[in-house]
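Topology and contacts: notes
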Amino acid sequence: MILILSNKWDLTVDFVVAELRSRGSNFIRFNTEDLASGRATICLPDLRILVSKHGRVHDLTRDINVIWYRRPGKPFDDIPTGERPSLATQNFVNDQWYSWLEAIQLIPNITWINHPKANDAIENKARQLLIASKLGFEIPETVITNDKNDAIRLAQEHDNYLIAKALYSPLIEEPDEDFFVFTNIINDVDLLREEEMRVSPTIFQQALVPKIDYRVTVVGQRVFAVRIERLNEKPLQTDWRMEKDDLRFLPCNLPPDVDILCQRYVDECDLLFGAIDLVQHEEKFFFLEINPNGEWGWLQKPNNIPIAETLCDLLIFYDTKDGA
Amino acid sequence: MEPQRELYKIQNGAGQVFLNLIFSRKLYTNWLGSWYGSVINYLILIFNPFGKEATMNKPFLLRFAHSCVSPGRAMPDPEYVYDESIDMVRWLGSPDNPPAIQAHGKSGPMTKKSDVEKGDDTKDRRMWR
């Protein structure tokens, strides 16, 4: 059986659910924010993991062959923020469930798309770039630093023109408001203040402009590339996510060597799925980063890109490959 | 652009150690009850003449932070409901309540995550925090 771990508002999963249902496949979707409303038991020493849904108890250790690890929900997700318990209590409960869910990794002979540890490892952007470079991708010259002078040196080598972005999650959740840090152009080194720089490391890279952005979604051995363009024909300057309402995504074919590199990259990272950001600059393709669990629902429907169908092929293949 | 500075009090130094030994929370918890000990400790932290004030700036990248609504904060749009029987979200804005992924045109459904959904990363390691 196919197990999908996500949350109930993850519409990207709905595309796959609809496809699996139309094919009559055997799957179960657990929206993990709801685990507390049913039975969830791990039995040892003979490992058994029992979860109830709709009054039926599933033994994950016996029933599951492949897991699509999407976006597991947290226990208080459905409760308005003002009605949730204290942050300390939330963290306590979240941690207990996180640990419980982590135990699913103990089930032997399961295929994960992707394994959480593989996702975790490749979230590190330094690792992403190093692997890309070793495989043969062009990468932008990069420093990851809290030292103003190192960033300035890089800027001086590139006409005082850099991009700056977050080394890890760009989301800042304050008690009353959230913030997101997109990729930014730095064209004045006076912006680089010593006292702000020291606080945490930042990624600085040569700015590749002019450029054409590509989002490449790799599913198993298949590669789906889209070229990202502004509707008004002006070139994109920095982070296309900042202009997401004025964009179009044009399905395209990458040069064969770049296509193969994308497949090899995902394979090298022990992933079966990955969303890679590339840019074309001066006729060369540069690797920017990979999102091992990147979003793709926004590509599927308006652009008729069959990512859900391909993902279902993969899930069904791993569910049935040993005669299960 | 001015740097965004934020003042944090950092208590340290021999004076703090001394005062904390004299007015330790444990001492007051035992003698006078925990609320009183807590109040005294709080006053020490505020008025400690030996403590050293230090400033810590906000990280550089926060200069460029844009306001958004994270998936953890946003609540679902009431026009959408999750239908357990089909394991999909339905849109109530149409009489036949179709699955949300089939209901809308090019812009797609807007349930709760629209602010940071497109192109957003998933951070599995810390997503529960």
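Residues numbered from 1 in each chain as written. Chains lettered and ligands numbered in written order. Predicted model: local features only at pLDDT ≥ 70, side-chain atom pairs only at ≥ 80, totals over all residues.

A word on helix H1 (residues 11-23) of chain A
Convention followed: In this description a helix means any DSSP run of H or I spanning at least four residues, a strand means any run of E spanning at least two, and both kinds are numbered starting from the N terminus. Expected helix span is taken as 1.5 Å per residue step, with the number of steps being one fewer than the number of residues. With C-beta atoms placed from the backbone, a residue is labelled by how many other C-beta atoms lie within 10 Å of its own: buried for 20 or more, exposed for 12 or fewer, partly exposed between the two. Placing a C-beta atom from the backbone of each residue, one calls two residues in contact when those atoms lie within 7 Å.
End to end, H1(A) covers 19 Å across 13 residues, agreeing with the expected 18 Å (1.5 Å per residue, within 8%). The complete set of buried residues in H1(A) reads A:Leu11, A:Thr12, A:Val13, A:Asp14, A:Phe15, A:Val16, A:Val17 and A:Leu20. Summarising the contacts, the buried residues of H1(A) are in contact with strand S1 (2-6), strand S2 (27-31), helix H9 (297-303) and helix H10 (307-320) of chain A together with strand S5 (88-91) and helix H4 (100-103) of chain B.

Quick look at the nonpolar core
Quick reminder of the rule: For the purposes of this analysis, a nonpolar core is taken to be any set of buried Ala, Val, Leu, Ile, Met, Phe, Trp, Tyr and Cys residues that are connected through C-beta atoms within 7 Å.
A:Ile113, A:Leu162, A:Ile276 and A:Leu315 are the most contacted members of the largest nonpolar core, which has 92 residues in total. The biggest single contributor to this core is H10(A), with seven residues.

Examining the environment of A:Arg62
Examined against the element boundaries, A:Arg62 turns out to sit in helix H2 (residues 60-63). Separated by 66 residues in sequence, A:Arg62 and A:Gln128 place their C-alpha atoms 35 Å apart.

Comments concerning the sheet that holds strand S6 (residues 66-69) of chain A
All names here are of chain A. The criterion, for reference: For two strands to be treated as a pair, DSSP must find no fewer than two bridges joining them. All axes here are fitted lines through C-alpha atoms, helices being fitted over the stretch that makes contact, and every angle between N-to-C directions spans 0 to 180 degrees.
Pairing in this open sheet of four strands is parallel, and the strands run S2-S1-S6-S7 from one edge to the other. Here the strands that pair on one side only, and so sit at the sheet edges, are S2 and strand S7 (111-113). Averaged over neighbouring strand pairs, the angle between their axes works out to 20° when direction is ignored. Here S1 runs beside S6; their pairing, made up of four bridges, is parallel. Within S6, the position partnered with Leu-5 by the bridge is Tyr-69. H10 contacts S1, S6 and S7 of the sheet and is inclined by roughly 150° relative to S6.

Some words on the sheet that holds strand S12 (residues 184-186) of chain A
Residues and elements named next belong to chain A. Taken in spatial order, the four strands make up an open sheet running S8-S13-S9-S12, and their pairing is antiparallel. The sheet is open, and its two edges are formed by strand S8 (142-145) and S12, each paired on a single side. Between one strand and the next, the sheet's axes are offset by a mean angle of 30°, whatever the strand orientation. In the sheet, S8 pairs with strand S13 (residues 202-206) via four bridges, with the strands oriented antiparallel. Residue Val-143 lies in a different strand from S13, and its bridge partner there is Phe-204. Against the sheet, helix H6 (residues 148-157) touches S8, strand S9 (162-165), S12 and S13, its axis set at about 165° to S8.

Considering the packing of helix H5 (residues 125-135) of chain A against helix H8 (residues 256-268) of chain A
All names here are of chain A. Put simply, the test is: Between 65 and 115 degrees an angle is taken as roughly perpendicular, under 35 as roughly parallel, over 145 as roughly antiparallel, and anywhere else as oblique. By convention the crossing between two helices is left-handed if the near helix lies anticlockwise of the far one by an angle smaller than a right angle, and right-handed if it lies clockwise. For this scheme, ten residues count as nonpolar: Ala, Val, Leu, Ile, Met, Phe, Trp, Tyr, Cys and Pro. Four count as charged, namely Asp, Glu, Lys and Arg, and the remainder, Gly too, count as polar.
One can describe the packing of H5 onto H8 by two numbers: an axis separation of 10 Å at closest approach and a directional angle of 130°. Taken together, the axes of H5 and H8 are oblique relative to one another. By crossing handedness, the relation of H5 to H8 is classed as right-handed. Across the interface between the two elements, Ile-131, Ala-132 and Leu-135 of H5 pack against Leu-261, Arg-264, Tyr-265 and Glu-268 of H8. When its residues are assigned to classes, the contact of H5 with H8 shows five nonpolar, no polar and two charged.

Concerning the packing of H1(A) against H10(A)
All names here are of chain A. Direction vectors running N to C along H1 and H10 enclose 60°, while the axes themselves pass 9 Å from each other. On the basis of their axis angle, the class for H1 and H10 is oblique. The hand of the H1/H10 crossing is right-handed. Packed against H1, whose contacting residues are Phe-15, Val-16, Glu-19, Leu-20 and Arg-23, the element H10 presents Ala-308, Glu-309, Leu-311 and Cys-312 at the interface. Each residue belonging to the contact of H1 with H10 can be placed in one class, and the counts come to six nonpolar, no polar and three charged.

Here we look at unusual backbone geometry
A cis amide bond links A:Ile113 to the next residue, A:Asn114, at an omega of -15°. Structurally, A:Asn114 can be placed in the loop between S7 and helix H4 (116-122). Cis geometry marks the peptide bond from A:Val209 to A:Pro210, where omega comes out at -5°. Within the fold, A:Pro210 resides in the loop between S13 and strand S14 (212-219). A positive phi angle is found at A:Asn160, which is not glycine, with a value near 55°. Of note, B:Asn97 is a non-glycine position whose phi angle comes to about 45°, a positive value. If you trace the backbone, B:Asn97 turns up in the loop between S5 and H4. The class for B:Asn97 is partly exposed, based on 14 C-beta atoms found within 10 Å.

Here we look at the domain arrangement of chain A
Residues and elements named next belong to chain A. Rules: Residue ranges for the domains originate in an automatic or database domain assignment.
Domain annotation of chain A identifies domain 1 (2-113), domain 2 (141-206) and domain 3 (209-312). If you average the C-alpha positions of domain 1 and of domain 3, the two centres end up 29 Å apart. Counting residues at the interface gives nine residues for domain 1, matched by eleven residues for domain 3. Broken down by element, the side of domain 1 that touches domain 3 gets its largest block of residues, seven residues, from H1. Tallied by class, the residues present in the side of domain 1 that touches domain 3 amount to five nonpolar, one polar and three charged.

Topic: H8(A)
All names here are of chain A. Going by this rule: This arc describes the spread of directions from the helix axis toward the C-beta atoms.
Compared with an ideal rise of 1.5 Å per residue, which puts 13 residues at 18 Å, H8 spans 18 Å between its outermost C-alpha atoms and is within 8% of the ideal. Every buried residue of H8 is accounted for by Val-258, Leu-261, Cys-262, Tyr-265 and Val-266. When H8 is viewed along its axis, its buried side chains cluster within an angular range of 130° and face the same direction. Opposite the packed face of H8, turned more than 90 degrees from it, sit the exposed residues Pro-256 and Asp-257. Against H5, S14, strand S15 (222-230), strand S17 (273-281) and strand S18 (284-291) lie the buried residues of H8. Looking one or two residues beyond H8, the residue adopting positive phi is Asp-270, at roughly 60°.

Description of the pairing of strand S4 (residues 80-83) of chain B
Residues and elements named next belong to chain B. The pairing of S4 with S5 spans four bridges and is classified as antiparallel. Paired with Tyr-82 across the strands is Val-89, a residue of S5. Here S4 hands over to S5 after four residues, with Asp-87 in that stretch at a positive phi of 60°.

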